[in-house]
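Coordinate inspection notes
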Amino acid sequence: MSTILDTRPLDLVADFPAIPEGWAYLDTAATSQKPKPVIDAITRAYGETYATVHRGVYQRSADMTLAYEAARARIATFIGAGSSDEIVFVRGATEAINLVAQSWGVSFLRPGDRILLSQLEHHSNIVPWQLLRDRVAIEIDVCPLTADGRIDLDAAEAMLTPQHKLVSLGHVSNVLGSVLDVRRAADLAHAVGAKLLVDGCQAVPRLPVDVAALGADFYVFSGHKLYGPTGIGVLWARPELLDAMPPYQGGGSMIDRVTFARTTYAPPPGRFEAGTPHIIGVVGLHAAVDYVESIGLDRIHAHETALVRRAREALSQINSVRLFGPEDSAGIVSFAVEGVHPHDIATILDEGNVAIRAGHHCAQPLMDALGVPATARASFGVYNGPQDIEALVKGVERVTRIFG
Ligand SMILES: Cc1ncc(COP(=O)(O)O)c(C=O)c1O
């Protein structure tokens, strides 16, 4: 691996057949567009090499099983896991967090235990814990944010007690782009005997992630935000946690021996992958990981940081624009235009071929904290360049002209 950071701007839009010329796609935080190698891998897997996994004794199925397990090993290396057995394939981050809540949470939390979330969490890192609260009578505490929109770890330190059994935080905010100091969050959680779950949905496509170095206990992400397919995601957990967790769903593949009297379960990760898995999703995710690693996460991060800086600078020149989040946010810029609903901003931008997201971004408690019903959000990916920022800024200027 090169130790010298390549700072040349990325120019990769030609890899993305679904991005026509002149279209500024600025909604990567919702889902990323797919590069040709991912589309080709999926086409090949369905069109040439398709078969089920883990069951067939015929060669085609054995080969597909090898491909499926090779993807697991590739993803383990990608995020710094100790072994591929620590990688559980799930539908996405949402399913991963529900799995932890319903398996680890129901087994190991007791009434009165506390968990700490933050004000900026995505609903998928809030609602599963509320469902758990309904089952186990745990208490949920909410860590506030700093003035510039980061999770306030000083406040977290003051709030944490030995009653806290879990801290569950977003690595990168999907609204503000603020980046969590995961290492410090892990140290704070561990100091009171709590585990740390990290929602890495927006981090894995934007930053190098090494779960061992970060000190997390659980780490989750979705493939479709990482230039891979929808319907596939990853739960990583420390092996001793997975070993102790009961199954989340029952069915084929997750068993050791089934009788009507009693069923014993397969060891992790198979224990958590009931039913025929999303084979092609896994193959596509492998190709996506190869794709981003061929570019380099350091380089992707530098590229998106430069785009964020450029966008924030240009938007801050427009009087009626309010920017949210810190200056150094990772690939995401949320903003408002005084007196204009974000949906109107997005509609007018769309007329100029600029696709942004407007709404609460599945983070209603964060909107409450910001004191707005919604924001407009531009989020970047490897295919964006300065021309997209220009189109965004031109569009926002048009919004201000239309609304006077
Ligand atoms: C920070 C964050 N967490 C969780 C999710 C949920 O991901 P998915 O819908 O792919 O399960 C998202 C998706 O928007 C997200 O941005």
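Residues numbered from 1 in each chain as written. Predicted model: local features only at pLDDT ≥ 70, side-chain atom pairs only at ≥ 80, totals over all residues. Heavy atoms only, no water.

**A word on helix α2 (residues 59-78)**
The terminal C-alpha atoms of α2, which comprises 20 residues, lie 28 Å apart, in line with the 28 Å expected from a rise of 1.5 Å per residue. Within the span of α2, buried status applies to Ser 61, Met 64, Thr 65, Tyr 68, Ala 71, Arg 72, Arg 74, Ile 75, Ala 76 and Phe 78. On its buried face, α2 sits against α1 (36-47), β2 (87-90), β7 (218-222), β8 (233-237), α9 (279-295) and α10 (297-316). (Helix = DSSP H or I, 4+ residues; strand = E, 2+ residues; numbered from the N terminus. Expected span 1.5 Å × (residues − 1). Buried < 20%, exposed > 50% of the residue type's maximum accessible area, 1.4 Å probe, protein only. Contact = heavy atoms within 4.5 Å.)

**Digging into the pairing of β2**
Because side chains alternate across β2, one face comprises the buried residues Ile 87 and Phe 89, and the other comprises Val 88 and Val 90, equally buried. The pairing of β2 with β8 spans four bridges and is classified as antiparallel. Paired with Val 88 across the bridge in β8 is Leu 235. (Pairing = 2+ DSSP bridges.)

**Notes on the site of the ligand**
As a matter of local geometry, the ligand sits amid Gly 92, Ala 93, Thr 94, His 122, Ser 124, Asn 174, Asp 199, Cys 201, Gln 202, Ser 222, His 224 and Lys 225. With respect to the ligand, the backbone of Ala 93 contributes an N or O atom lying 3.4 Å from an oxygen atom. In this structure, an oxygen atom belonging to the ligand sits 3.1 Å away from a side-chain N or O atom of His 122. In the complex, the protein chains occlude 84% of the 390 Å² of accessible area that the ligand would expose alone. Residues belonging to the shell around the ligand are distributed by class as follows: two nonpolar, eight polar and two charged. (Near = heavy atom within 4 Å. Polar contact = N/O pair within 3.5 Å; in protein donor to acceptor, adjacent residues only side chain to side chain. Areas by Shrake-Rupley, 256 points an atom, 1.4 Å probe, with all protein chains shown as cover. Nonpolar A, V, L, I, M, F, W, Y, C, P; charged D, E, K, R; others polar.)

**Details of the packing of aromatic side chains**
The description of two aromatic rings rests on the distance between their centres and on the angle between their planes. As enumerated under the stated definition, the model contains ten aromatic pairs in all. Between the aromatic rings of Tyr 68 and Phe 89, the centroid separation amounts to 5.4 Å while the plane-to-plane angle is 65 degrees, which identifies the pairing as edge-to-face. Remark: Phe 89 occurs in strand β2 and Tyr 68 occurs in helix α2; sequence separation between them is 21 residues. A relative accessible area of 1% places Tyr 68 in the buried class. Relative to Phe 108, the ring of Trp 104 has its centre 6.3 Å away and its plane inclined at 35 degrees; by these criteria the two rings are tilted. With Trp 104 and Phe 108 both in helix α3 (residues 93-108) and four residues apart, this pair spans about one turn of that helix. Taken together, the aromatic side chains of Phe 16, Trp 23, Tyr 25, Tyr 227, Tyr 291 and Tyr 383 make up a single cluster linked through ring pairs. (Phe/Tyr/Trp six-rings, centres within 6.5 Å; stacked < 30°, edge-to-face > 60°.)

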